[in-house]
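Residue strings, one per chain:
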Amino acid sequence: MTMDITDQQITELALNESEPTYRNLMQKIPGMIYRSYRDWSVEIVPESELISGHTIEEINSMEENWLTIIHPDDKTRVLKTGSKLYQNPEALVQVYRIIDRQGVIRWVEDRKRSVFDDEILQCIDGIVFDITEQMKQQEALRESEEKYRILVESASF
């Protein structure tokens, strides 16, 4: 008895040809693409921007993980809001601060979705963008508007 494996070979060839394209695409996205697990370990797409300045190995070490670099003032809120992801399939966008490897505070936007199988959480897939410059611009605009408001109020008769 012989088995025709032509379809399987065609499928494998197509997969092998498409992988470099998708890997290249993911590496060019200006963010950190990840899959995290219940123990806070994480798989990060190699070469995707590591916003924190930490290597993948450092983030997965016992001393360091994503939770440990979240700014202390934001950690409780991030955990409380993020707990929804552990209960049901859910998508969530969180904006918070992290402390990078050099001790610099960065603002990030973390877009994530929980993945369940048979009502059991398998992982959380997401992408983190560095929005520090946006936040600085928004703060500068707020300060400028406040100065203008004070100026107009003091000039009024």
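Residues numbered from 1 in each chain as written. Predicted model: local features only at pLDDT ≥ 70, side-chain atom pairs only at ≥ 80, totals over all residues. Heavy atoms only, no water.

1. Details of helix H4 (residues 72-82)
Residues that lie three or four places apart on an α-helix share one face, since the helix turns once every 3.6 residues. Heads up, the condition is: Each residue's exposure class comes from its accessible area (1.4 Å probe, protein chains only) as a fraction of the maximum for that residue type: buried when under 20%, exposed when over 50%, partly exposed otherwise. Helix and strand labels come from DSSP, where a helix needs a run of H or I of at least four residues and a strand needs a run of E of at least two; each type is numbered from the N terminus. For this quantity, the arc is that covered by the directions from the helix axis to the C-beta atoms. Only heavy atoms enter the contact rule, under which two residues are in contact if any of them lie within 4.5 Å.
All of the buried residues in H4 are Asp74, Val78 and Gly82. Looking straight down H4, one finds its buried side chains confined to an arc of 55°; they lie on one side. Opposite the packed face of H4, turned more than 90 degrees from it, sit the exposed residues Pro72, Asp73, Thr76 and Lys80. Looking at the buried residues of H4, the elements they touch are strand S3 (91-99).

2. Let's talk about the sheet that holds strand S5 (residues 120-130)
Hydrogen bonding along the main chain pairs the strands of a sheet, whether they run parallel or antiparallel. This is how it is decided: Between any two strands, pairing holds if DSSP finds at least two bridges. Where helices are involved, their axes are fitted lines through C-alpha atoms of the stretch in contact, as for all axes, and angles between N-to-C directions lie from 0 to 180°.
Reading across from one edge, S2-S1-S5-S4-S3 is the order of the 5 strands in this open sheet, with antiparallel pairing throughout. Edge positions in the sheet fall to strand S2 (42-44) and S3, since each has one partner strand and no second. Neighbour-to-neighbour, the strand axes of the sheet open up by a mean angle of 25°, direction not taken into account. Where S3 lies against strand S4 (residues 105-117), 9 bridges are found, and the strand directions are antiparallel. Across the sheet, Gln94 pairs through a bridge with Asp110, a residue of S4.

3. Looking at unusual backbone geometry
Only a minority of non-glycine residues have a phi that is not negative, and only a minority of peptide bonds are not trans. Non-glycine residue Asp118 carries a positive phi angle of around 50°. For Asp118, the location among the structural elements is in the loop between S4 and S5. Phi is positive for Glu119, close to 65°, though the residue is something other than glycine. Inspection of the secondary structure puts Glu119 in the loop between S4 and S5. According to the relative accessible area criterion, Glu119 is exposed, its value standing at 77%.

4. Remarks on the pairing of S5
Pairing of strand S1 (residues 32-36) with S5 involves 5 bridges; the strand directions are antiparallel. Considered in S5, the bridge of Met32 is made with Val128. Bridge count between S4 and S5: 10 bridges; the pairing is antiparallel. Looking across to S5, one finds that Val115 is bridged to Cys123. In textbook terms, the turn of a hairpin is the stretch between consecutive antiparallel strands, and for S4 and S5 this stretch comprises 2 residues, one of which, Asp118, has a positive phi near 50°.

5. Some words on the layout of surface pockets
Here is the rule: Each cavity reported here is a set of points on a 1 Å grid over the protein atoms alone in which a 1.4 Å probe fits but cannot get out, each pocket an open set with protein on both sides within 12 Å along at least five of seven lines, and each lining residue one with an atom within 4 Å of a point. Grid points are joined across faces, edges and corners, and a volume is the space filled by probe spheres set on the points. Only Asp, Glu, Lys and Arg are considered charged in this grouping, and only Ala, Val, Leu, Ile, Met, Phe, Trp, Tyr, Cys and Pro are considered nonpolar; every other residue, Gly among them, is considered polar.
As a volume, the largest pocket reaches approximately 290 Å³. Along the wall of the largest pocket there are 20 residues; nearest its centre are Ser36, Trp40, Trp66, Asp110 and Lys112. Among the elements of the structure, S1, H4, S3, S4 and S5 are those that each provide at least two residues to the lining of the largest pocket. Looking at side-chain class alone, the lining of the largest pocket contains 14 nonpolar, 4 polar and 2 charged residues.

6. With respect to the pattern of salt bridges
Counted only if it meets this: For this analysis, a salt bridge means a side-chain nitrogen from Lys or Arg found within 4 Å of a carboxyl oxygen belonging to Asp or Glu.
Taken as a whole and judged by the stated rule, the model has 11 salt bridges. Note that Arg35 is salt-bridged to Asp125, the shortest N-O span being 2.6 Å. Taken together, the positions of Arg35 in strand S1 and Asp125 in strand S5 put the pair 90 residues apart, joining distant regions of the chain. The partly exposed category is assigned to Arg35, whose relative accessible area is 34%. Between Glu133 and Lys136 there is a salt bridge, with the nearest N and O atoms lying 3.7 Å from each other. With a gap of 3 residues between them, Glu133 and Lys136 both fall in helix H5 (residues 132-155), about one helical turn apart. Each member of the pair Glu133 and Lys136 is classed as exposed. Each member of the salt-bridge network shares a partner with another, and the members are Asp74, Arg77 and Arg97.

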